[in-house]
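Geometric and topological summary
Each chain, written out:
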Amino acid sequence: MNLPNKLTLLRVCMIPVFVVLALRPAFGCQIAATLVFALASFTDMLDGKIARKRNLVTNFGKFADPIADKLLVMSALIVMVGQGRIPSWVCVLILAREFVISGFRLVAVEGGRVIAAGKLGKLKTVTQMIAILLLLLLVPVEGDALLGYAGIVAATIVLYLSLFFTVVSGAEYIIRNFDCIRDM
């Protein structure tokens, strides 16, 4: 197993650690959860760069990397819905987009076609991860907000920006690859 695939598996293993920490309202646990999420997010960027630079792209990596990303982001969003940090409808829209695009990818693969993530999809992932980091740091589960109301507003703005990129990248993906389902 090569290094990028090991980093992907490490990211998956970090998810339960993140969830356990994020579910604890203590400030120290929230900081630790933020650090674990940040490290897991960093492995996402790192594994892709290493795989491309060293020509270590594998079928396992093509399969596991996007799943690891979705598991990480979805776990964080679901935890934060439960904590009242984000509205449930935001999580539902993001989940729906991911299921639809995953379905498109399955149909494309059956037709012998692999569809790589586009620039908007990568921007979606980056803004989602930044939004989650800001929400973890700036929107408290209990106690006072780290930066007060301004921090909560800033985190919320980035969350809605990530939602915008989620919807737009999903629509762009469907439009760009509509022939995958039109020919069924």
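Just so it is clear, the model here is predicted, and its values are computed rather than measured. (Residues numbered from 1 in each chain as written. Predicted model: local features only at pLDDT ≥ 70, side-chain atom pairs only at ≥ 80, totals over all residues. Heavy atoms only, no water.)

1. Some words on the pattern of salt bridges
Following the criterion strictly, the structure yields eight salt bridges and no others. Here D47 and R11 are joined by a salt bridge, their closest N and O atoms 3.1 Å apart. Placement of D47 in helix α2 (residues 27-53) and of R11 in helix α1 (residues 3-22) is noted, with a sequence separation of 36 residues between them. Like D47, the residue R11 is buried in the burial classification. Here R11 and D65 are joined by a salt bridge, their closest N and O atoms 2.4 Å apart. One end of the pair, R11, is in helix α1; the other, D65, is in helix α3 (residues 59-82), with 54 residues separating them in the sequence. By relative accessible area, R11 is classed as buried at 0%. (Salt bridge = Lys/Arg side-chain N within 4 Å of Asp/Glu carboxyl O. Helix = DSSP H or I, 4+ residues; strand = E, 2+ residues; numbered from the N terminus. Buried < 20%, exposed > 50% of the residue type's maximum accessible area, 1.4 Å probe, protein only.)

2. So, a nonpolar patch on the surface
On the surface, V12, F63, I67 and L71 cluster together into a nonpolar patch covering about 340 Å² of accessible area. Counting residues per element, the nonpolar patch draws most heavily on α3, at three residues. Along the chain, the position of I67 falls in helix α3. (Patch = residues over 30% accessible without salt bridge, like charges linked within 9 Å, V, L, I, M, F, W, Y side chains within 5 Å. Areas by Shrake-Rupley, 256 points an atom, 1.4 Å probe, with all protein chains shown as cover.)

3. Points about the packing of α1 against α3
Contact geometry for α1 and α3: axes closest at 9 Å, N-to-C directions at 10°. Judged by the inter-axis angle, α1 sits roughly parallel to α3. When α1 is examined against α3, the residues N5, T8, L9, R11, V12, I15, F18, V19 and A22 are found in contact with a partner set consisting of F60, G61, A64, D65, A68, D69, L71, L72, S75, A76 and V79. By residue class, the composition of the contact of α1 with α3 is 13 nonpolar, four polar and three charged. (Axes fitted to C-alpha atoms, helices over the stretch in contact; angles between N-to-C directions. Parallel < 35°, antiparallel > 145°, perpendicular 65-115°, else oblique. Contact = heavy atoms within 4.5 Å. Nonpolar A, V, L, I, M, F, W, Y, C, P; charged D, E, K, R; others polar.)

4. A look at the side chain of D44
The topology assignment puts D44 in helix α2. By relative accessible area, D44 is classed as buried at 14%. When sequence neighbours within four positions are dropped, the list of residues in contact with D44 reads R11, D65, D69, T125 and M129.

5. Details of the packing of aromatic side chains
Within a pair of aromatic rings, the relevant descriptors are the distance that separates the centres and the angle that separates the planes. The final tally for this structure, using the stated rule, is four aromatic pairs. Measuring from centroid to centroid gives 6.3 Å for F104 and Y173, while their planes differ by 80°, and the two rings are edge-to-face. Of this pair, F104 sits in helix α4 (residues 88-110) while Y173 sits in helix α6 (residues 148-176), and the two are 69 residues apart along the sequence. With a relative accessible area of 7%, F104 lands in the buried category. An angle of 65° between the planes, with centres 5.4 Å apart, marks the rings of F164 and F165 as edge-to-face. Since its relative accessible area comes to 47%, F164 is described here as partly exposed. (Phe/Tyr/Trp six-rings, centres within 6.5 Å; stacked < 30°, edge-to-face > 60°.)

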